[in-house]
Amino acid sequence: MMEENKKTKEIDFLGNLLRQGKYREAITLGKKIHKAYPAEESPLLILSWAYYDNGDIKQAVKYLNILLERELQRKIFTGFAFDELVRIYKQEKNFRKLVEICERAVTVQPEDVGLLAELGNAYLQAGNAKKACEIYERVIAIENDNAAFYCRWGEALFAAGLIRESEEAYMQAGIIDYEQPDRYHFRLAVLFQQAGNHREAERLLNKCISLDSANPLYYCSLGDSLIGLKQIPKALKAYEMAVRCDDSRAGAYYNRLGHELMKRNHFSEAVEVFKLAIVHDSAEPYYLGLASAYKGMGFTDPADKTLSEINKSK
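Model, not experiment: these values are computed from the prediction.

Asks: Looking at this model, I keep getting lost on the overall build of the protein. Mind explaining?
Replies: In terms of helices and strands, the protein carries 18 helices and 0 strands. On C-alpha atoms alone, the protein measures out to a radius of gyration of 26 Å, which is more than a quarter above the 20 Å that the 2.2 N^0.38 rule sets for 314 residues. Counting the 314 residues in the protein, one finds 46% classified as buried. By sequence separation, contacts in the protein at least 24 residues apart represent 44% of the contacts at least 6 residues apart. Accessible area of the protein: about 16800 Å², with a carbon and sulfur share of 51%.

Okay, here's the thing in structure tokens:
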């Protein structure tokens, strides 16, 4: 009993060191506790956090892997170390390692929908869309009433070049979540925009608007695609509709439009739009946008004058 109390106090003290940001002291003590009580798992987790917060990711991963080996041997998969490793590998963009640990977890728990979905995501991030599709097909077979899983499947199918099948997956998500089907049209529209296919994005965004005509985001996104299609007057009207839906954010919408116009070298139109943004809200980023638009036109004097106006207001 005395030994157990001593161990508990040491682990509690170790946790306090971590919370106080005393990472080096926590590392030193954590290693001693781990050596004295190798079967205890909480010191391993605290030790990994201390290394991570101290900037030593390699050592943090080392101790998390010790925990992961234990987790993988249990019938009930707790996944604390697994979750931490997934988070770290995502932050580090180490997709090879991310795929590796997800594959190991799924090997142990092949029917765990959460682990399968994580593996599908790992494959997608690693650029292996085909394997991601296969995994999400397994996920859907297990749980076919989850709209989020159909979205992930749709994203994988799109990445694999299976566009028609991708749209079918997103539409199925909209059937499942029948109160907000426009959300799924929008997600697919964004994929088309990212792929530079603004014609298909326009089609889907118009569907979104037909289902929810009061959502300003849909009008802004439609305007972005119309700019991509070089239909500037229509794009301006789309953004005007966004402002009608929510005039409290008019400045932000026009600022967004101005930057979208500048991306396509429509600097003169951007100047007028940034002026509209400033009318609604004289925020510094809008003046900076206006100055950039003037510079894009080759008008240095108006750009300098705009920047001086910012300095005067400070």
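From this point, things continue past the structure.
Asks: Is there a simple way to think about helix α5 (residues 80-92) in this case?
Replies: Because the α-helix completes a turn every 3.6 residues, residues three or four places apart line up on one side. Its 13 residues place the ends of α5 19 Å apart at the C-alpha level, agreeing with the 18 Å of an ideal helix rising 1.5 Å per residue. Those residues of α5 that sit buried are A81, F82, E84, L85, V86, I88 and Y89. On its buried face, α5 sits against α3 (42-53), α4 (57-72), α6 (95-108) and α7 (113-125).

Asks: Where do I start with the side chain of D182 in this structure?
Replies: Inspection of the secondary structure puts D182 in helix α11 (residues 182-194). No salt bridge is formed by the buried D182; the nearest opposite charge belongs to R183, separated by 6.8 Å. Ignoring sequence-local partners within four residues, the contact set of D182 consists of C208, L211, D212 and Y218.

Asks: What should I look at first to understand the environment of K305 in this one?
Replies: Structurally, the position occupied by K305 is in helix α18 (residues 300-313). Residue K305 is classed as exposed on the basis of its relative accessible area of 57%. Along the backbone, K305 and V243 are 62 residues apart, and their C-alpha atoms lie at a distance of 28 Å.

Asks: Even after reading the chapter, I still don't get the state of the cysteines, so can you show me in this structure?
Replies: Joining two cysteines, a disulfide is a covalent bond between their sulfur atoms. Taken as a whole and assessed by the stated rule, the structure comprises 0 disulfides. Here C133 is not disulfide-linked; the sulfur of C151 is the nearest cysteine sulfur, at 14 Å. Taking the relative accessible area as the measure of exposure, C133 reaches 6% and is therefore buried. C245 provides the cysteine sulfur closest to C220, a residue in no disulfide bond, and the two sulfurs are 9.0 Å apart. For C220, a relative accessible area of 1% translates into the label buried.

Asks: How should I be thinking about unusual backbone geometry in this particular structure?
Replies: Of note in the backbone geometry, K230 takes a positive phi value of approximately 65 degrees without being a glycine. You will see that N265, though not glycine, has its phi angle at about 65 degrees, which is positive. Mapped onto the secondary structure, N265 falls in the loop between α15 (250-263) and α16 (267-280).

Asks: Would you mind showing me how to read the packing of aromatic side chains here?
Replies: Aromatic ring pairs are defined here through the distance separating the ring centres and the angle between the ring planes. Inspection of every chain in the model, using the stated rule, returns 4 aromatic pairs. Between Y150 and W153, the ring centres sit 6.0 Å apart and the planes meet at 55 degrees, which makes this aromatic pair tilted. With Y150 and W153 both in helix α9 (residues 147-159) and 3 residues apart, the pair spans about one turn of that helix. Like W153, Y150 is buried. Between R87 and the ring centre of Y52, over which it is positioned, the NZ or CZ distance is 5.1 Å.

Asks: It is not clear to me how the pattern of salt bridges should be interpreted in this structure. Could you clarify?
Replies: Opposite charge on two side chains allows them to pair when their charged atoms are near. As enumerated under the stated definition, the model contains 15 salt bridges in all. With a closest N to O distance of 2.3 Å, R104 and E69 form a salt bridge. Here R104 is found in helix α6, whereas its partner E69 is found in helix α4, with 35 residues between them in sequence. Measuring nitrogen to oxygen at the nearest pair gives 3.5 Å for the salt bridge that ties E100 to K97. Taken as a pair, E100 and K97 lie in helix α6 at a separation of 3 residues, close to a single helical turn. Each of R96, K97 and E100 takes part in one network of salt bridges that share partners.

Asks: Please clarify how the packing of α3 against α4 should be interpreted in this entry.
Replies: Helix-helix packing is described using two parameters, namely the angle between the two axes and the distance between the axes. With their axes 7 Å apart at the nearest point, α3 and α4 run at an angle of 160 degrees to one another. On the basis of the axis angle, α3 is roughly antiparallel to α4. Handedness of the crossing formed by α3 with α4: left-handed. Here α3 contributes L44, L45, L47, S48, Y51 and Y52 to the contact with α4, which in turn contributes I57, Q59, A60, Y63, L64, I66, L67 and R70. Along the lines of polarity and charge, the residues of the contact of α3 with α4 split into 11 nonpolar, 2 polar and 1 charged.

Asks: Teacher, can you tell me more about the packing of α16 against helix α17 (residues 284-297) here?
Replies: Where α16 meets α17, the axes come as close as 8 Å, and the angle between the chain directions of the two elements is 160 degrees. Here α16 lies roughly antiparallel to α17, going by the angle between them. Crossing of α16 over α17 shows left-handed handedness. Residue-level inspection shows F267, S268, A270, V271, F274, K275, A277 and I278 of α16 in contact with α17, the latter providing Y286, Y287, G289, L290, A293, Y294, G296 and M297. Residue classes in the contact of α16 with α17 are distributed as 12 nonpolar, 3 polar and 1 charged.

Procedures and definitions
Residues numbered from 1 in each chain as written. Predicted model: local features only at pLDDT ≥ 70, side-chain atom pairs only at ≥ 80, totals over all residues. Heavy atoms only, no water. Helix = DSSP H or I, 4+ residues; strand = E, 2+ residues; numbered from the N terminus. Rg over C-alpha atoms; globule rule 2.2 N^0.38 Å. Buried < 20%, exposed > 50% of the residue type's maximum accessible area, 1.4 Å probe, protein only. Contact = heavy atoms within 4.5 Å. Areas by Shrake-Rupley, 256 points an atom, 1.4 Å probe, with all protein chains shown as cover. Expected span 1.5 Å × (residues − 1). Lys, Arg positive; Asp, Glu negative; His and termini not counted. Salt bridge = Lys/Arg side-chain N within 4 Å of Asp/Glu carboxyl O. Disulfide = S-S within 2.5 Å. Phe/Tyr/Trp six-rings, centres within 6.5 Å; stacked < 30°, edge-to-face > 60°. Lys NZ or Arg CZ within 6 Å of the ring centre and 35° of its normal. Axes fitted to C-alpha atoms, helices over the stretch in contact; angles between N-to-C directions. Parallel < 35°, antiparallel > 145°, perpendicular 65-115°, else oblique. Left-handed = near helix turned anticlockwise from the far one by under 90°. Nonpolar A, V, L, I, M, F, W, Y, C, P; charged D, E, K, R; others polar.

The analysis is restricted to geometry; functional conclusions fall outside its scope.
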